[in-house]
Each structure stands twice: as structure tokens, then as C-alpha cells.
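Topology and contacts: notes
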Amino acid sequence: TVIVWMAKIPAGKVFRGLVDDPYLYLLLGVAMVGNHLTAPMTKISTQIHDEFGIDSYGGDKYSGGEMGVWCDSRGIQREFTTATLTVQQAGYGELINAIHNGLFRAPPIPVSGVRSGDILREELSVFDQIGRSKATGQKRYGSPEKTKRDGIQDDVLDAICMAIYAGRGITTDRMKDKFSAQ
């Protein structure tokens, strides 16, 4: 399980015309957690919330139980879903648009065991449509190497996709409302 924390901020007048409603996405951090282990997820999420504040929390449906309770107790908008084609197209579409237009920023993310020393750029280097779901027949996106023994995975990209998807309702109007209330 991968937890990412990101900032979504209005991109400003420089980017108007490149995309309709430009936001700058900043990847602030990445944490690797054991397979859906709630205690480390809540500990890391609490630290992030205390340091930065969390407006929305997204993840796959498997982490939705106790993390949903954690979000609800803090008044955090949450969305736990399955990475269907619709979710992937919305989340990855926004991410790819942001990267293409210079609206996504991330520091190198060194993780032990990755080939390049930067897991995000490594995952981006192989990201593609990887076929169709056996269950639904829908297109799937990710790493074509993920099933290979030493293949490049796509967990960080999936976490970023889910974060962007969960934050799609956070608009400049909502940001203005939040900051004008402080």
C-alpha cells in the first residue's frame, strides 16, 4: 500500500489557455505501508493531517473501512473506490494533462530496490494501456511489467491517480471558501 500526500493549488494566469481550469499538483511525500495495514496508515495520515491539513482522502475500497472512520472523525471528504476504467481515465487523464502542461511537480523519490533511484519516474517510463480486465473486459492502465518477478510496478502512480480523482471536487471556489473562513 502506498500513501501519497499532495497539494492542489490554482495555477494562476500563466497557465490559462493551456487547460480550462488549471491546477498545480505538488507531490509532497510518499510512504510505503504494509498491505492495507490500518495502524501505520492512520499514524502516517494523522502526521500529514497535523502538519498540512487534509481536505480529501482517496484510496481503493480495501482501505476504506477504518480509514473511512478516521476521515469521518476529522471531517475529511473521502472516497474509496475501485480503479475502474472511469476512475483511471479521470485520475490519469488529469495527471497526464498536468505533466504535459508543466503543472505537476515532484521531487525524486528514492526507494530501495528500484532500478533508477526514482520510483515515480521509473513507473512513468513504462506506464501504458496494459490490456483489458479479465473480469469486466474494460481497458486497464498501468505497468506492463507489474506481473513479472522483477518488473516495474505502478503502485505510486495508482496512489497519485486515486488522490487526484478523490480531490476532483476541490475547486478554486471551495479553496476560497476555506481560506476566507480562517
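Residues numbered from 1 in each chain as written. Predicted model: local features only at pLDDT ≥ 70, side-chain atom pairs only at ≥ 80, totals over all residues. Heavy atoms only, no water.

**Quick word on the overall build of the chain**
Scanning the chain from N- to C-terminus turns up 6 helices and 7 strands. Pairs at least 24 apart in sequence give 56% of the contacts found in the chain among residues at least 6 apart. Within the structure as shown, the chain displays about 10,400 Å² of accessible surface, and the carbon and sulfur contribution to it stands at 51%. (Helix = DSSP H or I, 4+ residues; strand = E, 2+ residues; numbered from the N terminus. Contact = heavy atoms within 4.5 Å. Areas by Shrake-Rupley, 256 points an atom, 1.4 Å probe, with all protein chains shown as cover.)

**Considering the pattern of salt bridges**
Scanning the model with the defined rule gives 5 salt bridges in all. A salt bridge links R78 to D72; its shortest N-O distance comes to 2.7 Å. Residue classification places R78 among the partly exposed residues on the basis of a relative accessible area of 38%. K146 is the partner of D154 in a salt bridge, and the nearest nitrogen-oxygen pair spans 3.2 Å. (Salt bridge = Lys/Arg side-chain N within 4 Å of Asp/Glu carboxyl O. Buried < 20%, exposed > 50% of the residue type's maximum accessible area, 1.4 Å probe, protein only.)

**Thoughts on the confidence of the model for the chain**
On average, residues of the chain carry a pLDDT of 82, and 88% of them reach 70 or more. Of all helices and strands in the chain, the one with the weakest mean pLDDT is helix α6 (residues 172–180) (60), whereas strand β5 (residues 104–105) scores best (92). (pLDDT = per-residue confidence, 0-100.)

**Quick word on the sheet that holds strand β2 (residues 23–32)**
Ordered by their spatial adjacency, 3 strands build an open sheet running β1-β2-β5, and the pairing between neighbours is mixed. Because the sheet does not close on itself, it has two edges, and the strands there are β1 (2–10) and β5. In this sheet, β2 lies alongside β1 in antiparallel orientation, the contact comprising 9 bridges. Bridging across to β2, V4 finds its partner in V30. Helix-sheet contacts for helix α1 (residues 38–52) involve β1 and β2, and the interaxial angle to β1 is about 20°. Along the sheet face, helix α5 (residues 155–166) touches β1, β2 and β5 and points at about 45° away from the line of β1. (Pairing = 2+ DSSP bridges. Axes fitted to C-alpha atoms, helices over the stretch in contact; angles between N-to-C directions.)

**Concerning the pairing of strand β3 (residues 56–60)**
Within a regular strand, side chains alternate between the sheet's two faces. Summarising the sheet, β3 and strand β4 (residues 77–81) pair through 5 bridges and their orientation is parallel. Counted as the bridge partner of D60 is T81 from β4. What joins β3 to β4 is helix α2 (residues 64–74), and the crossover it makes is right-handed. (Right-handed = clockwise from strand over helix to strand, strands pointing away.)

**Notes on the packing of α1 against α2**
The N-to-C vectors of α1 and α2 enclose an angle of 25°; their axes lie 10 Å apart at closest approach. With respect to their mutual orientation, α1 and α2 come out roughly parallel. Along this stretch, α1 crosses α2, giving a crossing that reads as right-handed. Residue-level inspection shows T38, M41, T42, S45, T46 and H49 of α1 in contact with α2, the latter providing E66, M67, W70 and R74. A per-class count over the contact of α1 with α2 returns 3 nonpolar, 5 polar and 2 charged. (Parallel < 35°, antiparallel > 145°, perpendicular 65-115°, else oblique. Left-handed = near helix turned anticlockwise from the far one by under 90°. Nonpolar A, V, L, I, M, F, W, Y, C, P; charged D, E, K, R; others polar.)

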